[in-house]
Amino acid sequence: MNNRMDRHRQHKRGRWIALGVVIACLLGIFYGLNTIYRSVSSSLSDSYTKIHEKGGRPADAIIRKGQPISILLMGTDTGALDRTDKGRTDTMMLITVSKTKGIHLVSIPRDTMIAIPGLESTFPQKINSVYTFTNVSDTMSTISKYLNVPVDYFALVNMGGLEKLVDQIGGITVESPLSFTFSTDTSHETGKNLYQFYKGKTTFRYAKDGVHFKTYHKMNGKAALAFTRMRYEDPRGDYGRTERQRLVIAQLVKQAKNPALLLNKTFMSSISKNLRTNLTTKDMLSLATEYYNPKKKVKAISVNETSLWYEGISFQVMPRLEQQRVTNELRSDLSLTHATTGPVLAGNPDKFTIPQAVSQVLYANTSSNSQAATSN
């Protein structure tokens, strides 16, 4: 049990490190916009997506007034390695940005159990499936309702863009933390498009037909994606995969320190095809010049959930007391008054039945179930 908890903590810590690097890159890009605004604004504008906001604040006025804002960052792997399915948002992070309080990040575990509002008949679902079942607007609305905080903006990042990023800077060299074989066709150790990586080495081998290997000293985009996607053969599971993602992103940052290499029309055109957001280029520039203060550290707010197996599937359940604590943190960051957190498991409690095992986790350490249920 303790080993499982240690692995879970390691997994969360690795994810935070990787996402921290991503956020740093985004902030650097936004900051760089201040100097090359005209040359990249047309490319970035292609990323803009207008959405129908449900119950949110008037997004176009929030930044103009200098108010604290929230951004839902979602990562999918649609398009990665020729995948074209819609995908799930395996990374979900709610970011608050305030001129006075800085940038705070709340990572929402992808396996969090919920009942999707309007689709309670499909209960139980994982929170990373909301986007698959619905759309960006409904995903924002679900997170907003679940935590009772406004979600003003979104950024949907396609992991297929990682391939283009690596190719854009001419490839990367990464020392592998373990030896493994991975086919991008089968996601296992056999098949075509087969890669072989070796512990402690930056060289790797690749065979398009799965038989005749050639040795390479630098990863292109496809090799980098293969390196980061393997999961089944890693003894550390998702934590090992997250570490490999971090290694790739770290090399991207290291080899792309020259702003001219990244902040140009070609690069931004590539990014715009793998990024969708309702932040306009002008909004991004405002974030970089008016909100972003490099002297203020980025703060990570952890979410403590309980692992639970239900109907043979592993879920994470957020206790009601923890849900309220997260709501309090977020509303404080947004300079909003205290309010009761959102409904149990996000959905309408009259339209689904909460299993007893789940209920015990939800209401652990509360005086009574009825007291906690008043927040519905």
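So, here is what we can say about the structure in this document. (Residues numbered from 1 in each chain as written. Predicted model: local features only at pLDDT ≥ 70, side-chain atom pairs only at ≥ 80, totals over all residues. Heavy atoms only, no water.)

Remarks on the sheet that holds strand 9 (residues 204-207)
Item 1. As summarised here, the arrangement of the four strands in space is 7-8-9-10, forming an open sheet in which the pairing is antiparallel. Across the chains shown, the open sheet's two edge strands, defined by having one partner strand only, are strand 7 (180-183) and strand 10 (214-216). Going across the sheet, the axis of each strand differs from the next one's by a mean of 25°, ignoring polarity. (Pairing = 2+ DSSP bridges. Helix = DSSP H or I, 4+ residues; strand = E, 2+ residues; numbered from the N terminus. Axes fitted to C-alpha atoms, helices over the stretch in contact; angles between N-to-C directions.)

What about the pattern of salt bridges?
Item 1. Evaluated as defined, the whole model comprises four salt bridges.
Item 2. A salt bridge links Lys126 to Asp111, with the nearest nitrogen and oxygen atoms 3.3 Å apart. Note that Lys126 is positioned in strand 5 (residues 125-126) and Asp111 in the loop between strand 3 (102-107) and strand 4 (113-114), a separation of 15 residues in sequence. Assigned by exposure class, Lys126 and Asp111 land together as buried.
Item 3. Bridged by salt links that share partners, the residues Glu322, Arg325 and Glu329 form one connected network. (Salt bridge = Lys/Arg side-chain N within 4 Å of Asp/Glu carboxyl O. Buried < 20%, exposed > 50% of the residue type's maximum accessible area, 1.4 Å probe, protein only.)

A word on the sheet that holds strand 11 (residues 275-277)
Item 1. Reading across the sheet, the six strands line up as 11-6-1-2-3-12 and stay open at both edges, with mixed pairing between neighbours. If you trace the sheet from one side to the other, it starts and ends with strand 11 and strand 12 (299-301), each paired once. Here the average twist between neighbouring strands, direction ignored, is 20°.
Item 2. Looking at chain direction, strand 1 (residues 69-76) and strand 6 (residues 153-158) are connected through six bridges and run parallel.

Remarks on the environment of Ile127
Item 1. Relative to the elements of secondary structure, Ile127 occurs in the loop between strand 5 and helix 3 (130-133).
Item 2. When the C-alpha atoms of Ile127 and Ala346 are compared, they prove to be 9.6 Å apart, with 219 residues separating the residues in sequence.
Item 3. Apart from residues lying up to four places away in sequence, Ile127 is in contact with Thr89, Met92, Ile108, Pro109, Arg110, Thr112, Ile114, Ile143 and Tyr146. (Contact = heavy atoms within 4.5 Å.)

Some words on the pairing of strand 2 (residues 91-98)
Residues in a regular strand point their side chains to alternate faces of the sheet.
Item 1. Among the eight residues of strand 2, seven are classified as buried, and the element is accordingly described as predominantly covered.
Item 2. In the sheet, strand 1 pairs with strand 2 via seven bridges, with the strands oriented antiparallel. Its bridge partner being in strand 2, Leu73 is matched across the sheet by Met93.
Item 3. Where strand 2 and strand 3 come together, six bridges link them in antiparallel fashion. Bridging across to strand 3, Ile95 finds its partner in Leu105.

Everything listed here is a matter of coordinates, which is why it stays silent on function.
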